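Examining the three-dimensional arrangement
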Amino acid sequence: MSTLLERAQALAPELVAIRRDIHQHPEVGFAEHRTSQLVFNYLQELSLKPQIVAGTGVVATLRGKSPGKTIALRADMDALTVTEQAEHTYTSKTPGLMHACGHDGHTAILLGVAKLLSEVKDLPGNVKFIFQPAEEGPGGALPMIEAGVLTNPQVHAMLGLHVGTVQYTAGQIALRYGSVCAAPDNIEIVVKGKGGHGGHPHEAIDAIVTAGHLIVALQSIVSREIDPAAAVVLSLGTVRGGYRENVIADEVMLTGTVRTLSPEIRSSMPDRIERIVKGVCDSFRCHYSFTYTQGYPALHNDEVMTALTEEVAQEVLGSANVFRAPHPTMGGEDFSYFAEKVPTCFFMLGATNSAKQCDYVLHHPKFNFDEDAIPVGMALLAETAYAYLKKHRA
Ligand SMILES: [Zn+2]
Ligand SMILES: [Zn+2]
């Protein structure tokens, strides 16, 4: 067993307690004041001179004994507006708020890594710890980058992880070369007709019938225009319009999400959608308004960083416990902003355990993850960062 994994397991009870404390006190994006203070205090105790940036973000640098490169490790800290239904001793104390995406675990893991690496005497370079707010939206990675967290010292590579509760268990990880997460963009379409009496349709322009055709026609973008081998999703999430059964609706609003992996396909989506919106609305004498709002970029892993992470994970966990995820997820992750700036690897930390009711999907009100994954995540981030610095020793 690697020495850092052994040490991580010895430290685990402390970090599990911190995770449970954060779990009981969830805070949403840019309101992570308590969490941020907890992180700040912990890093300060390690003499890491933390700084608060971008509102509730925290950054600290561990400077090695000898000069070298700087690798950054990132955890997200925010919770979701979900009321927790899981039953355990550390359930959320705030109704309507819950750590349903495991960011409490990510935060505890990274604090543990800070402690682990602080004990390493011969670190050939620096490790920067980035605790970011608001991953669930509106996004804390970009404001932290704008606040300069990738400079002074300049960051040369970066790692991040996310717990997974569907397939892999504690002691296993899954990673991917290339695409990892999609770019999640939003659309809003308003179909504008002319209201009227349900019995006299010829005197009105029916926005509901037009919207009905539009809902169906929009699906032909993914099924008929895009290469089937490229993953694209277009889902409409809301349809709102109308007043009562005998009134023809003058307006229908549709909102949805568009998910892409390729930047080229992504940039083609607004025109493709608007062409169909305009065509259908013209056909049925309606007007329209259309808004396309870009979310986070797609996340792509760097070849070299992924190979290093895979190699270290095989050593720490054994080859049989290191998997290559067959597909990217069409979920979004704002770690992608970091990945656009520096070579990164973002991997999934196995944390499924049916016996502990840790098998609900992310964002589920009964979501929980196997805390045995905490020391595993600590050891992997610490060992990979250490391996990176040794490889690039000045
Ligand atoms: Zn989430
Ligand atoms: Zn998450």
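Up top you'll find the structure we're talking about.
Below or above, wherever it landed, is the structure these notes cover. All figures in this text were calculated on a predicted structure; none of them were measured in a lab. (Residues numbered from 1 in each chain as written. Chains lettered and ligands numbered in written order. Predicted model: local features only at pLDDT ≥ 70, side-chain atom pairs only at ≥ 80, totals over all residues. Heavy atoms only, no water.)

A separate point is the coordination of the zinc ion (ligand 1). Within the first shell, the zinc ion (ligand 1) binds the protein through Cys-101 (SG), Glu-136 (OE), Glu-136 (OE) and His-363 (NE2), at distances of 2.0 to 2.8 Å. In this structure, the zinc ion (ligand 1) is surrounded by four donor atoms whose angles at the metal cover 51 to 147 degrees, and the resulting shape is irregular. Along the chain, the residues that donate to the zinc ion (ligand 1) are spaced as C-x34-E-x226-H. If you look at the zinc ion (ligand 1) and the zinc ion (ligand 2), they sit 3.2 Å from each other and are both ligated by Cys-101. Taken as a pair, Cys-101 in the loop between strand E3 (66-76) and helix H3 (103-118) and His-363 in the loop between strand E16 (344-352) and helix H9 (373-391) lie far apart in primary sequence, 262 residues in all. Taking the relative accessible area as the measure of exposure, His-363 reaches 36% and is therefore partly exposed. (Donors = N, O, S within 2.8 Å, 3.2 Å for Na, K, Ca; no water. Tetrahedral: all angles 85-135°; square planar, octahedral: opposite > 155°, others 65-115°. Helix = DSSP H or I, 4+ residues; strand = E, 2+ residues; numbered from the N terminus. Buried < 20%, exposed > 50% of the residue type's maximum accessible area, 1.4 Å probe, protein only.)

Looking now at the sheet that holds E3. Hydrogen bonds along the backbone pair up the strands of a sheet, which may run parallel or antiparallel. Taken together, eight strands build an open sheet; the order of strands is E1-E2-E4-E3-E5-E16-E6-E15 and the sheet is mixed. Taken across any chain shown, the strands that pair with only one partner, and hence form the sheet edges, are strand E1 (51-53) and strand E15 (322-324). For this sheet, the mean angle separating the axes of adjacent strands, direction not counted, is 30 degrees. Relative to strand E4 (residues 124-132), E3 runs parallel, the two sharing eight bridges. Across the sheet, Ala-75 pairs through a bridge with Phe-131, a residue of E4. Across the sheet, helix H2 (residues 33-45) lies against E1, strand E2 (57-63) and E4, angled at about 15 degrees from E2, the strand it touches most. With respect to the sheet, helix H7 (residues 303-317) is in contact with E3, strand E5 (157-169), strand E6 (173-175), E15 and E16, its orientation differing from that of E16 by roughly 35 degrees. (Pairing = 2+ DSSP bridges. Axes fitted to C-alpha atoms, helices over the stretch in contact; angles between N-to-C directions. Contact = heavy atoms within 4.5 Å.)

Shape is all these values report; function is a separate question.
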